[in-house]
Amino acid sequence: MDDLKIAVASKNQAKIRAVSECLGELGIQHEITAVETDSGVSAQPFSMEETRQGAVNRAVSAIEGPFDCAVGLEGGVYEIEGKLYLCNWGALAAADGKVYTAGGAQIPLPDEIGQKLKEGLELGPVMDDYANETGIRHDKGAIGILTAGLMNRGDMFGHIVKLLIGQYKLGSG
């Protein structure tokens, strides 16, 4: 891979940073363009499928430019046995039409957060209230709050980006 021209399907700095840092760690020369896209799913995705679809929709929408590939990253929640879990998905759309997907970290949400999401609120503002901070989704994310800072949103999405780039380099789909 020479100089990779890649679109990140978001203006969210945590997502852009995750892609840039991951490519840097892998020694891949790159040029990133942030492209605002619509996920085409609920503002607060409520299943693994919906969260994954949001990532795919973002990546496919963003590849419509002069890019080698585009990455879409989406956070959501899903329920197991009455408990809500945080989930994260990524998709990489290649210029040749292939789309690669990968999932990331999952962690249970405290009941008080889960209840607010079930009432129709979005995770970002709920986490801001829970942690008494502002803009958590742009930096540490829910994962940072819920792991006492041992992982942040960029780390989590960086792991997903590595899974996507590995599939992209292999060329299987």
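Nothing here was measured: the structure is a model prediction, and the numbers come from that model.

## Some points on the overall build of the chain
Part 1 of the reasoning: On a plain count of helices and strands, the chain comes out with six helices and six strands.
Part 2 of the reasoning: Ordered by position in the sequence, the α and β elements of the chain form the string β-α-β-α-β-β-β-β-α-α-α-α.
Part 3 of the reasoning: In terms of overall dimensions, the chain is globule-like: its C-alpha atoms have a radius of gyration of 16 Å, near the 16 Å expected for 173 residues.
Part 4 of the reasoning: Overall, the C-alpha framework of the chain stretches about 45 × 25 × 25 Å when taken along its three principal axes.
Part 5 of the reasoning: Residues classed as buried in the chain amount to 45% of the 173 residues present.
Part 6 of the reasoning: Of the side-chain charges in the chain, 15 are positive and 24 negative, and the distance between the mean point of each set is 2 Å.

## Some words on the pairing of strand β3 (residues 69-80)
Every other side chain in a regular strand lies on the same face of the sheet, so the side chains alternate between the two faces.
Part 1 of the reasoning: For β3, a buried count of nine out of twelve residues is recorded, marking the element as mostly surrounded by other parts of the structure.
Part 2 of the reasoning: Of the pairings in the sheet, the one linking strand β1 (residues 4-8) to β3 comprises three bridges and is parallel in character. Residue pairing for β3: A7 is matched across the bridge by A70.
Part 3 of the reasoning: Pairing geometry for β3 and strand β4 (residues 83-94), over twelve bridges, is antiparallel. The residue bridging G76 from the neighbouring strand is C87, located in β4.

## A closer look at the packing of aromatic side chains
Part 1 of the reasoning: A full pass over the atoms with the stated rule returns two aromatic pairs.
Part 2 of the reasoning: Summarising the aromatic geometry, the rings of Y100 and Y168 are spaced 6.4 Å apart at their centres and angled 80 degrees between planes, so their arrangement reads as edge-to-face. Taken together, the residues Y100 in strand β5 (residues 99-103) and Y168 in helix α6 (residues 153-170) connect sequence positions 68 residues apart. Note on accessibility: Y100 and Y168 belong to one class, buried.

Reading the values: the criteria
Residues numbered from 1 in each chain as written. Predicted model: local features only at pLDDT ≥ 70, side-chain atom pairs only at ≥ 80, totals over all residues. Heavy atoms only, no water. Helix = DSSP H or I, 4+ residues; strand = E, 2+ residues; numbered from the N terminus. Rg over C-alpha atoms; globule rule 2.2 N^0.38 Å. Buried < 20%, exposed > 50% of the residue type's maximum accessible area, 1.4 Å probe, protein only. Lys, Arg positive; Asp, Glu negative; His and termini not counted. Charge placed at Lys NZ, Arg CZ, Asp CG, Glu CD. Pairing = 2+ DSSP bridges. Phe/Tyr/Trp six-rings, centres within 6.5 Å; stacked < 30°, edge-to-face > 60°.

All we've got here are geometric facts, nothing functional implied.
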